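Architecture at a glance
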Amino acid sequence: MSALTFPILQVLSDGKFHSGEDLADRFAVTRATVWNAIQHAEKLGVEVFSVRGRGYRLPQAIDMLDEQAVLTAIGEQREWFNLQLLDEIDSTNSYLMKQAAKGAPHVTCVAAHIQTSGKGRRGRAWVSHLGASLTFSLLWRFNCGAAALSGLSLAVGVALMRAFQQLGVPGVCLKWPNDVLYDNRKLAGILIELQGDMDGPSAAVIGVGVNLRLPEQVLKRIDQPAIDLASIGVAVNQGELLGTLLRHLADVLHAFEDDGFVALRAEWLSYHVYHNRPVRMLMPDGRDVHGTVRDVAEDGILLVETALGLQRFSAGEISLRTGV
Ligand code: BTN
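The structure displayed is predicted, hence computed values, not measured ones.

**Section: the overall build of the protein chain**
When its secondary structure is counted, the protein chain shows 10 helices and 14 strands. Its C-alpha radius of gyration of 21 Å places the protein chain within 12% of the 20 Å reference for a compact globule of 324 residues. Each principal axis of the C-alpha distribution contributes one length, and for the protein chain these read about 70 × 45 × 35 Å. Counting only residues that meet the buried cut, the protein chain has 52% of its 324 residues in that class. Looking at the protein chain alone, contacts between residues at least 24 apart form 68% of all its contacts between residues at least 6 apart. When the accessible area of the protein chain is evaluated, it comes to approximately 14,600 Å², of which 47% is carbon and sulfur surface. Separation between the mean location of the 30 positive side-chain charges and that of the 35 negative ones in the protein chain comes to 7 Å.

So, in structure tokens, the structure goes:
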């Protein structure tokens with residue numbers, strides 16, 4: 001661990017060469033200290049070119065999260081948010097779950113440049129790499145109990161869709177319960193963890209990962225088809241993306257607090273890629289259930305017409321695939 005690693009990466013994020021001497025002067029340390037900080041970056045999987053006589057350089061320029069850009073994009077509601085930008089953490093969700101248990105305030109948002117053990121749904125990992133994805137978690141406290149939050153993960157998908165539309169991201173859609181897809185490949189994912197009583201009050205840690213620019217070696221490590229904003233041709237600054245997402249999350253979460261998922265259900269259906277389409281449900285016991293998606297209930301349960309009639313499927317261990 002070196003406190004200088006991320007300040008140095010910030011300088012290198014322009015993709016240009018910076019000599020060890022210049023970096024040492026800038027941070028008033030020795031060149032050996034700079035070298036140690038670079039070693040730590042490499043341990044985190046950041047590739048740093050080192051060329052004798054020229055210095056250090058990243059393979060390409062990287063857009064690093066900037067607090068001011070986040071606050072500007074949030075706009076008028078910025079005072080509301082308790083924003084924490086971390087350099088490296090195991091998982092923003094795990095960290096914020098611990099902070100929530102210790103009393104972290106409502107609407108705390110934690111974003112990290114690198115997660116060393118990012119978590120996905122259904123026990124998967126969320127693969128991290130510097131500049132590859134935006135990774136953050138938002139703590140939202142509810143007066144109601146966890147039992148009333150069953151439609152929350154779908155509601156959060158609506159917020160992501162609104163933000164992507166505002167930012168001009170074309171062709172995105174939702175796959176139940178809450179994957180954001182482009183061209184059948186995953187652009188963003190949501191992992192919600194809850195704490196508190198079933199009867200209330202409760203707290204949700206809403207974790208979001210959005211692929212920004214996935215290097216080939218990272219794409220290979222992701223166990224499902226994935227895509228990033230850069231490949232879609234969307235060049236949005238990470239801070240603007242986070243601020244826009246937070247603004248829409250706040251709107252949607254307020255609506256959810258007032259009326260539950262019912263207020264967002266029609267909009268969610270309009271984004272659902274499999275609406276009225278044949279699907280295959282992969283059940284936890286290995287069975288395949290075939291049917292046609294007909295609706296989603298107010299608690300986020302998917303209603304699928306199967307050979308046995310209209311069946312209800314709840315998220316969790318079920319995976320949804322196209323049926324054709
Ligand atoms: C999924 O689609 O499987 C959910 C992915 C959620 C990833 C985000 S990244 C920020 C937050 N911290 C985590 O460890 N996971 C979520």
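On we go from here.
**Thoughts on the nonpolar core**
Judged by nonpolar contacts, the single largest core of 70 residues is most densely connected at F136, F164, W176, L241, L246 and M281. It is helix α6 (residues 152-166) that provides the largest number of residues to this core, a total of 10 residues. If you count residues domain by domain, this core takes at least three from each of domain 2 (67-270) and domain 3 (274-320). Excluding residues that lie within four positions of it along the chain, L241 makes contacts with L134, F164, L167, V210, L212, L229 and V236.

**Here's the deal with the packing of helix α1 (residues 5-12) against helix α3 (residues 31-43)**
Running from N to C, α1 and α3 cross one another at 85 degrees; their axes reach a closest spacing of 9 Å. Classified by the angle between their axes, α1 and α3 sit roughly perpendicular to one another. Residue-level inspection shows T5, I8, L9 and L12 of α1 in contact with α3, the latter providing V34, A37, I38, H40 and A41. Across the contact of α1 with α3, the residue classes break down as 7 nonpolar, 2 polar and no charged.

**Focus: the domain arrangement of the protein chain**
For the protein chain, the assigned domains read domain 1 (5-57), domain 2 (67-270) and domain 3 (274-320). Each of domain 1 and domain 3 has a C-alpha centre, and these two points are 51 Å apart.

**Digging into the site of the ligand**
Residues in close proximity to the ligand total 20 residues, the closest being S91, Q115, K119, R121 and K186. Here T92 contributes a side-chain N or O atom positioned 3.1 Å from a nitrogen atom of the ligand. Here N93 contributes a backbone N or O atom positioned 3.5 Å from a nitrogen atom of the ligand. Counting only elements with at least two residues in the shell around the ligand, the list comes to α5 (92-101), β5 (133-142), β8 (185-196) and β9 (202-211). Per-element accounting of the shell around the ligand gives the leading share, 4 residues, to β8. Its residues assigned to classes, the shell around the ligand comprises 5 nonpolar, 11 polar and 4 charged.

**Re the environment of V273**
By the element assignment, V273 lies in the loop between α10 (265-271) and β10 (278-282). Separated by 92 residues in the primary sequence, V273 and L181 place their C-alpha atoms 8.6 Å from one another. Sequence-distant contacts of V273, defined by excluding residues within four places in its chain, comprise C173, L174, K175 and L181.

**Thoughts on the pairing of strand β12 (residues 302-306)**
Within β12, 4 of the 5 residues are buried, which leaves it mostly tucked inside the rest of the structure. With 4 bridges joining them, strand β11 (residues 288-296) and β12 adopt antiparallel strand pairing. Each bridged residue has a counterpart across the sheet, and for D295 the counterpart in β12 is L303. The turn joining β11 and β12, which pair antiparallel and follow one another in sequence, is formed by 5 residues; a positive phi near 85 degrees is taken by G300. The sheet contact formed by β12 and strand β13 (residues 309-313) spans 5 bridges and is antiparallel. Each residue of the ladder has a partner; that of V304, found in β13, is Q311. What sits between β12 and β13 in their antiparallel hairpin is a turn of 2 residues.

**Some details on the packing of aromatic side chains**
Taken as a whole and assessed by the stated rule, the structure comprises 2 aromatic pairs. Ring geometry for W80 and W140: centres 6.1 Å apart, planes at 25 degrees, overall stacked. Note that W80 is positioned in the loop between α4 (67-74) and β3 (82-89) and W140 in strand β5, a separation of 60 residues in sequence. Given a relative accessible area of 0%, W140 falls into the buried group. An angle of 75 degrees between the planes, with centres 6.1 Å apart, marks the rings of F142 and F256 as edge-to-face. Pair noted here: F142 is in strand β5 and F256 is in helix α9 (residues 238-259), with a separation of 114 residues, a long-range link. The exposure classification of F142 matches that of F256, with both residues buried. We note R57 situated over the ring of F17; from NZ or CZ to the ring centre the distance is 5.3 Å.

**Quick notes on α6**
Its 15 residues place the ends of α6 21 Å apart at the C-alpha level, agreeing with the 21 Å of an ideal helix rising 1.5 Å per residue. Burial of α6 is extensive: 12 of the 15 residues sit out of reach of the surface. Of the positions making up α6, those classed as buried are L152, S153, L154, A155, V156, G157, V158, A159, L160, M161, A163 and F164. Looking at the residues trailing α6, positive phi occurs at G168, about 75 degrees.

Rules used in this analysis
- Residues numbered from 1 in each chain as written.
- Predicted model: local features only at pLDDT ≥ 70, side-chain atom pairs only at ≥ 80, totals over all residues.
- Heavy atoms only, no water.
- Helix = DSSP H or I, 4+ residues; strand = E, 2+ residues; numbered from the N terminus.
- Rg over C-alpha atoms; globule rule 2.2 N^0.38 Å.
- Buried < 20%, exposed > 50% of the residue type's maximum accessible area, 1.4 Å probe, protein only.
- Contact = heavy atoms within 4.5 Å.
- Areas by Shrake-Rupley, 256 points an atom, 1.4 Å probe, with all protein chains shown as cover.
- Lys, Arg positive; Asp, Glu negative; His and termini not counted.
- Charge placed at Lys NZ, Arg CZ, Asp CG, Glu CD.
- Core = buried A, V, L, I, M, F, W, Y, C linked by side-chain atoms within 4.5 Å.
- Domains from an automatic or database assignment.
- Axes fitted to C-alpha atoms, helices over the stretch in contact; angles between N-to-C directions.
- Parallel < 35°, antiparallel > 145°, perpendicular 65-115°, else oblique.
- Nonpolar A, V, L, I, M, F, W, Y, C, P; charged D, E, K, R; others polar.
- Near = heavy atom within 4 Å.
- Polar contact = N/O pair within 3.5 Å; in protein donor to acceptor, adjacent residues only side chain to side chain.
- Pairing = 2+ DSSP bridges.
- Phe/Tyr/Trp six-rings, centres within 6.5 Å; stacked < 30°, edge-to-face > 60°.
- Lys NZ or Arg CZ within 6 Å of the ring centre and 35° of its normal.
- Expected span 1.5 Å × (residues − 1).

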